There are 4 protein chains.
Amino acid sequence: MNMRKIRVGITGYGTIGRRVADAVARQPDMELVGIAKVRPDYKARLIAERGYPLYGADEESLAALRAAGLPARGVVADLVAGCDVVVDTLPPKQASRLLPIYQASEARVIFQGGEPAGIAEVSFNAQSNYEAAVGRRTVRVVSCNTTGLCRALGTIDRAFGVEKARVVLARKATDPDDPDTGPVDAVVLDPAPAQLPSHHGRSVATVLPHLKVISMAAKVPTTHAHFHSLLITVKDRNVTAGAVVRAFEEATRVVLLDSREGFRSTAQVFDYARELGRSRSDLYELAVWRDSVTVVDDEVYFFMAVHQEAIVIPENVDAIRAVTGTMDRDESIRLTNRTLGILK
Amino acid sequence: MNMRKIRVGITGYGTIGRRVADAVARQPDMELVGIAKVRPDYKARLIAERGYPLYGADEESLAALRAAGLPARGVVADLVAGCDVVVDTLPPKQASRLLPIYQASEARVIFQGGEPAGIAEVSFNAQSNYEAAVGRRTVRVVSCNTTGLCRALGTIDRAFGVEKARVVLARKATDPDDPDTGPVDAVVLDPAPAQLPSHHGRSVATVLPHLKVISMAAKVPTTHAHFHSLLITVKDRNVTAGAVVRAFEEATRVVLLDSREGFRSTAQVFDYARELGRSRSDLYELAVWRDSVTVVDDEVYFFMAVHQEAIVIPENVDAIRAVTGTMDRDESIRLTNRTLGILK
Amino acid sequence: MNMRKIRVGITGYGTIGRRVADAVARQPDMELVGIAKVRPDYKARLIAERGYPLYGADEESLAALRAAGLPARGVVADLVAGCDVVVDTLPPKQASRLLPIYQASEARVIFQGGEPAGIAEVSFNAQSNYEAAVGRRTVRVVSCNTTGLCRALGTIDRAFGVEKARVVLARKATDPDDPDTGPVDAVVLDPAPAQLPSHHGRSVATVLPHLKVISMAAKVPTTHAHFHSLLITVKDRNVTAGAVVRAFEEATRVVLLDSREGFRSTAQVFDYARELGRSRSDLYELAVWRDSVTVVDDEVYFFMAVHQEAIVIPENVDAIRAVTGTMDRDESIRLTNRTLGILK
Amino acid sequence: MNMRKIRVGITGYGTIGRRVADAVARQPDMELVGIAKVRPDYKARLIAERGYPLYGADEESLAALRAAGLPARGVVADLVAGCDVVVDTLPPKQASRLLPIYQASEARVIFQGGEPAGIAEVSFNAQSNYEAAVGRRTVRVVSCNTTGLCRALGTIDRAFGVEKARVVLARKATDPDDPDTGPVDAVVLDPAPAQLPSHHGRSVATVLPHLKVISMAAKVPTTHAHFHSLLITVKDRNVTAGAVVRAFEEATRVVLLDSREGFRSTAQVFDYARELGRSRSDLYELAVWRDSVTVVDDEVYFFMAVHQEAIVIPENVDAIRAVTGTMDRDESIRLTNRTLGILK
Ligand SMILES: NC(=O)c1ccc[n+]([C@@H]2O[C@H](COP(=O)([O-])OP(=O)(O)OC[C@H]3O[C@@H](n4cnc5c(N)ncnc54)[C@H](O)[C@@H]3O)[C@@H](O)[C@H]2O)c1
Ligand SMILES: NC(=O)c1ccc[n+]([C@@H]2O[C@H](COP(=O)([O-])OP(=O)(O)OC[C@H]3O[C@@H](n4cnc5c(N)ncnc54)[C@H](O)[C@@H]3O)[C@@H](O)[C@H]2O)c1
Ligand SMILES: NC(=O)c1ccc[n+]([C@@H]2O[C@H](COP(=O)([O-])OP(=O)(O)OC[C@H]3O[C@@H](n4cnc5c(N)ncnc54)[C@H](O)[C@@H]3O)[C@@H](O)[C@H]2O)c1
Ligand SMILES: NC(=O)c1ccc[n+]([C@@H]2O[C@H](COP(=O)([O-])OP(=O)(O)OC[C@H]3O[C@@H](n4cnc5c(N)ncnc54)[C@H](O)[C@@H]3O)[C@@H](O)[C@H]2O)c1
């Protein structure tokens, strides 16, 4: 480990920003130098209460934060100036608004999956292509669904060879802290108007370009996880359900849950995350239903759940190390896992 | 058409029973001779208000109905004695309780999809195997999901040959009049504990035995429709999306909806059914998203919605005619469609 | 009845516009001269299929409708020119955009409850103040919640004198055809930020100014009805639950439902509306839970449900007659009730 | 503090049992001697992983737990034999099944609010009547809703005198880990059939007998909190909103949240609990919307949220101390608050 800590700033403090902030604060090799916030809401107050340095998104935000009695230190440009790495966690397709500021600085930038792939040099998933991100100026951590798919399909591909993967996503409608977005009682094409195959298959290819993945997606009225149904044709005709389970058991950041033990739904997956005592009851691991794993002929079937709020958090931590070139993949994954309480 | 009307009785007056009752009452060749009901609730009162003859499920029910001032005429055995055909619409796996009564009578019996296939001589879908039911003593109209799949896969198979069909079902959690069953905010394995492939593929095979169908299912918090994602490998390598759409356009009891015209979710499908002015805002047709139909290589993809409450109603009407042998398939389908307001 | 039919045009064809259109089309003394629509979606197509004359919201809409092959006849100004009465059903707070067009015409205009009270000369509820609207140029039919409260509180007030009414509203989150608005799993202050008492009490006062009504509101994840809890201090100390029920039995457009008969929730209220065979499964009546009516000391308590999509429809029909002065209150209410299938 | 730790056992390990277990384990003056469990599900496995001693509900459960490889030590009777205090957390109205075992032992027993008041000598809320429980053999911690109401109404009563309180409850449908219970899209009378006033007012009176409380309740499709609308007539005619807020600020286990700071719904209340870093993201405090507090004439209005899973946990801890007589009220509340992270 190098002597000086990596100085990390975060723009945006919503679902992802808050989690990256706390994860960074737990890393022995990182220093959280500040967070940029738009409004003086309760989240801004919590930044201050936690002792994290607070910045305004712009002059107007800065004034509003200060007017609310919050100790804001400057604006985004001031924050970025003091960073080795900035983690951009703005809402989807908004990062471009801060690009000039990022580009005027020396900081390396980590973007999130809501941005177009073209925004960064590399689309990133720690297990799949950590090395490709080493030393880069810009990296994009792929979305929650894509991260889950990279973990699952990467594991299957390494063990059995993926001939063709098909995935149907029942997407959470929104995050649990959002009371505005629906639906209340409907399944919604995603995207709407219809587009088949959906972008998720192509998103996996930004990380694992050789994989053939067909995806279909719809939104359902839930808040706690995406739910994926996988149907994968593999190359290894000797594949068995037991061998698939073993491959997942050996994979990092994958947890196997058994519906016979009570994991009958995403409700119990969320309950399990609460029991684990994690920060915010987050489940960083991809959850695969162990007893759903089934093989018929040369096809592998299973269900899995992606805790959308949490799954990309360890990836962001690893991405920070990758761009700074301070640690190799396995060392970073191990350290991230240990600090976040991820078992394997 | 034969001179005497087919005398039809119905046991159970829940989601399906009520609809079959009204559908039978609209048929020129049928007479609704009565409905058996357990409790003197508002549904029982509506039977009386509509002038349908009311019977008790047993002596206790008969007494309760009468105590509530409802004009109940007798018990199930009395009802069955006056029927050519009884349509059993008891809750799933309950029909066996009335089997002795049915067997002691001359009546032919139509069962619903919640019963095991073995309860009847034939599992039935009008378009797929009407002829197999002609003259039978017992027939089982397959479930809502299976009916939808028979319509969709039968159409694709006849036009292009189905090599292998894969379907992922996002099942409605419950019917709109049920305030007890959840989930509220979860996706639930169906069945739970997990069973992959789910029974739906095998259910299709009870009607279309040569089809290879793999299915996976989960329940989502909605009430208005099942939502299916289809991924079908076809034999005809020259298949195109346009040709698939045309095949559906020619199929009976299938409606094509375009998400660009506003059909972005099952919410608008339900809205459409209300606009059509149908009894109870029911959509008897399978709804296929026209602009979701996509072909990549030899695989056909599309989304479809199954209005669980309504889709089996025309099938029940046809099944009544099939068992009595009073009409051939095309004649029955045409008459059913016309009386229920189904366009094609 | 006068010889010439009242020529009615409708701007907006969403939840309310579609229902007013069909209701107008059923009135023997009215002629539906056209509907103005923005987009060529499935609702526009249904206008054409129903044979209702179609107009564009503006030139752009007109072009879009025609480009989609729909037989649009002109723009809003053309429609308004041919009307005795225009029913504006634009989204909340949007009607002002069409005010110049309305004002340049001779037509009388009916606005909906989403507009500010100041937009019209009179805020209207047929049972409460029909006469105040007679001959007016502009009238505003109050919102669904206010209509329900006017029916309930007006009835109680006439029978027992309302000293002070308190109402807590659990508002539906959105209409059933809207898959975008939430919440999914939350109760939301309405309005948010908080405002107590909520506007509903004051809205009742626009129709029944002498009533003292305190209201509190929150949104819940449902689509089929608003649910109100009433706590009313009455002047008549001899009030009994039986007398309250009788007052409701005599009131028009109020239906009494008994939870012991199965009406345990708004789910069964919706189910009941479907059973009644009404257009779109609408319940025009206020639904009061008969067996919830309770009196303790001088306070009356009960639950009621307001089918938000439907309750204002008969009011709009009556408002049309009121402004044209073609019928008196009781005659209009009777005719509206009969044509819409309202029992009393 | 006395020398020997209080030996505490817990029967039931669902929503409440798990939380009481962890809370007890955090108390310096208590020892968790074991937990009785029915089934070898993931919760049982977590007991073992946490190192808590595990017992079977009965011989059958014991065998099942052991068959699953879990280190179960005995049955309920064995557990109870080693306890000073047993906390019964069985499902509502089930505790009576274990009464013979409890009565055959020396242990004092804490029951939960789902049991009838008559099961225990005292119904308990720490702030309201700690002293009444001191030295008792049996105590019942009142339900989540009643606990919330005792905190709120007790505070208002002590500060201003409650003349009459009216409360309307929008109850969560079920706990977040339950995927079976609905409704999906309805508001459900609670109880159904209707019963007005609901039992909640009477439940408050088991703790604060002099308070006059009228309550009405319905269930809504949410999982994260009960939502209460309060309308309270107070004796002190000089009451102001500011004074009410100050009274809440001084009360223990009440947190004030401002909707202008982003707390627009129960979704953000839950989010806040996650941010606080509490075990399981629990909010032990009653949450009162600060800016909803409004006074009109002699009535006080406000909204509040009750985190059903968490609010009774500190009360159980205090109840354990009360029955053993080892600490006085203020000392116990302070210690409980400190160990659970409750700020005031
Ligand atoms: N929410 C998820 O489940 C999830 C999962 C994986 C990836 N992502 C991706 O992460 C990114 C962030 O998503 P999120 O869910 O955290 O969004 P969010 O809306 O919860 O948070 C974004 C925050 O950024 C703030 N913001 C906007 N403009 C800003 C500016 N100029 N300066 C500083 N802050 C600004 C907003 O006020 C908001 O609080 C998106 O690309 C998204 O696609 C989200
Ligand atoms: N609900 C659907 O969406 C749906 C769709 C397709 C097929 N089905 C199948 O249709 C059948 C009926 O389902 P449903 O949804 O209408 O059930 P339901 O629960 O709505 O109605 C069944 C009714 O039967 C009554 N009943 C029970 N025992 C009786 C007896 N001995 N005599 C008379 N009545 C009795 C019940 O009281 C109930 O009202 C099941 O096999 C189901 O699987 C249901
Ligand atoms: N939805 C309800 O439950 C309900 C109940 C009672 C009263 N209201 C009130 O009725 C009014 C209409 O509400 P809604 O729910 O029907 O809204 P809606 O959004 O369902 O429909 C409004 C329609 O007006 C159209 N529109 C917008 N601008 C237009 C223009 N310039 N010309 C023509 N059409 C235009 C929109 O495209 C939309 O289709 C509002 O004032 C609302 O507050 C609604
Ligand atoms: N859930 C809430 O929000 C809440 C809030 C306040 C009070 N309460 C009350 O707390 C009590 C427990 O409720 P809960 O929600 O925790 O219930 P729960 O159903 O979540 O848990 C109860 C557990 O007890 C177990 N059990 C049943 N019989 C048993 C036996 N003989 N021995 C050992 N364990 C047995 C069950 O298997 C279950 O796991 C009830 O009285 C309830 O009314 C619940």
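Residues numbered from 1 in each chain as written. Chains lettered and ligands numbered in written order. Predicted model: local features only at pLDDT ≥ 70, side-chain atom pairs only at ≥ 80, totals over all residues. Heavy atoms only, no water.

### Focus: the interface of chain A and chain C
With 14 residues of chain A at the contact, the number on the chain C side is 14 residues. Each partner contributes to the roughly 930 Å² buried at the junction of chain A and chain C, and carbon and sulfur atoms together form 62% of this total. The largest contributions to the chain A side of the interface with chain C come from A:Pro179, A:Asp180 and A:Val184, which together make up 48% of the buried area. The interface formed by chain A and chain C includes zero salt bridges. (Contact = heavy atoms within 4.5 Å. Buried area = accessible area lost by both parts, 1.4 Å probe. Salt bridge = Lys/Arg side-chain N within 4 Å of Asp/Glu carboxyl O.)

### Notes on the relation of the copies chain A and chain C
At an RMSD of 0.0 Å, chain A and chain C line up after a rotation of 180 degrees and a shift of 0.0 Å along the axis. Given the turn and translation reported, the copies of this chain are related as if by a two-fold rotation axis. Relative to the rotation axis, the closest C-alpha in chain A is found at A:Gly182, a distance of 1.8 Å. In this assembly the copies share their binding face: 100% of the residues contributing to the interface of chain A also contribute to that of chain C. (Least-squares fit on C-alpha atoms with pLDDT ≥ 70 in both.)

### So, the site of ligand 1
Residues and elements named next belong to chain A. In the vicinity of ligand 1 there are 20 residues, among which Thr-15, Ile-16, Gly-114, Asp-175 and Gln-308 approach most closely. One nitrogen or oxygen atom from the main chain of Gly-114 is found 3.0 Å from an oxygen atom belonging to ligand 1. Expressed as a share of its isolated accessible area of 820 Å², the protein-covered part of ligand 1 is 84%. Partitioned by chemical class, the residues of the shell around ligand 1 number 10 nonpolar, seven polar and three charged. (Near = heavy atom within 4 Å. Polar contact = N/O pair within 3.5 Å; in protein donor to acceptor, adjacent residues only side chain to side chain. Areas by Shrake-Rupley, 256 points an atom, 1.4 Å probe, with all protein chains shown as cover. Nonpolar A, V, L, I, M, F, W, Y, C, P; charged D, E, K, R; others polar.)

### Focus: the site of ligand 3
Residue and element names in this part refer to chain C. Neighbouring ligand 3 are 20 residues; Thr-15, Ile-16, Gly-114, Asp-175 and Gln-308 lie closest to it. At 3.5 Å from a nitrogen atom of ligand 3 is found a main-chain nitrogen or oxygen belonging to Gly-12. The separation between a nitrogen atom of ligand 3 and a polar side-chain atom of Asp-175 is 2.7 Å. Summarising the interface, the protein chains cover 85% of the accessible area of ligand 3, which totals 820 Å² for the free molecule. Across the shell around ligand 3, the residue classes tally to 10 nonpolar, seven polar and three charged.

### Focus on the domain arrangement of chain A
Residues and elements named next belong to chain A. By the assigned domains, chain A splits into domain 1 (6-142 + 312-340) and domain 2 (144-306). For domain 1 and domain 2, the distance between their C-alpha centroids amounts to 26 Å. Between domain 1 and domain 2, the residue contacts involve 26 residues of the former and 18 residues of the latter. When domain 1 packs against domain 2, the two sides together hide about 1,900 Å² of surface, and 45% of this comes from carbon and sulfur. Of all residues in domain 1, the largest losses of buried area upon contact with domain 2 belong to Arg-19, Gln-127 and Val-142, amounting jointly to 29% of the total for that side. Here Lys-43 and Asp-177 are joined by a salt bridge, their closest N and O atoms 3.7 Å apart. At the surface where domain 1 touches domain 2, the tally comes to 12 residue pairs in polar contact (both at pLDDT 80 or more). Residue composition of the side of domain 1 that touches domain 2, grouped by class: nine nonpolar, eight polar and nine charged. (Domains from an automatic or database assignment.)

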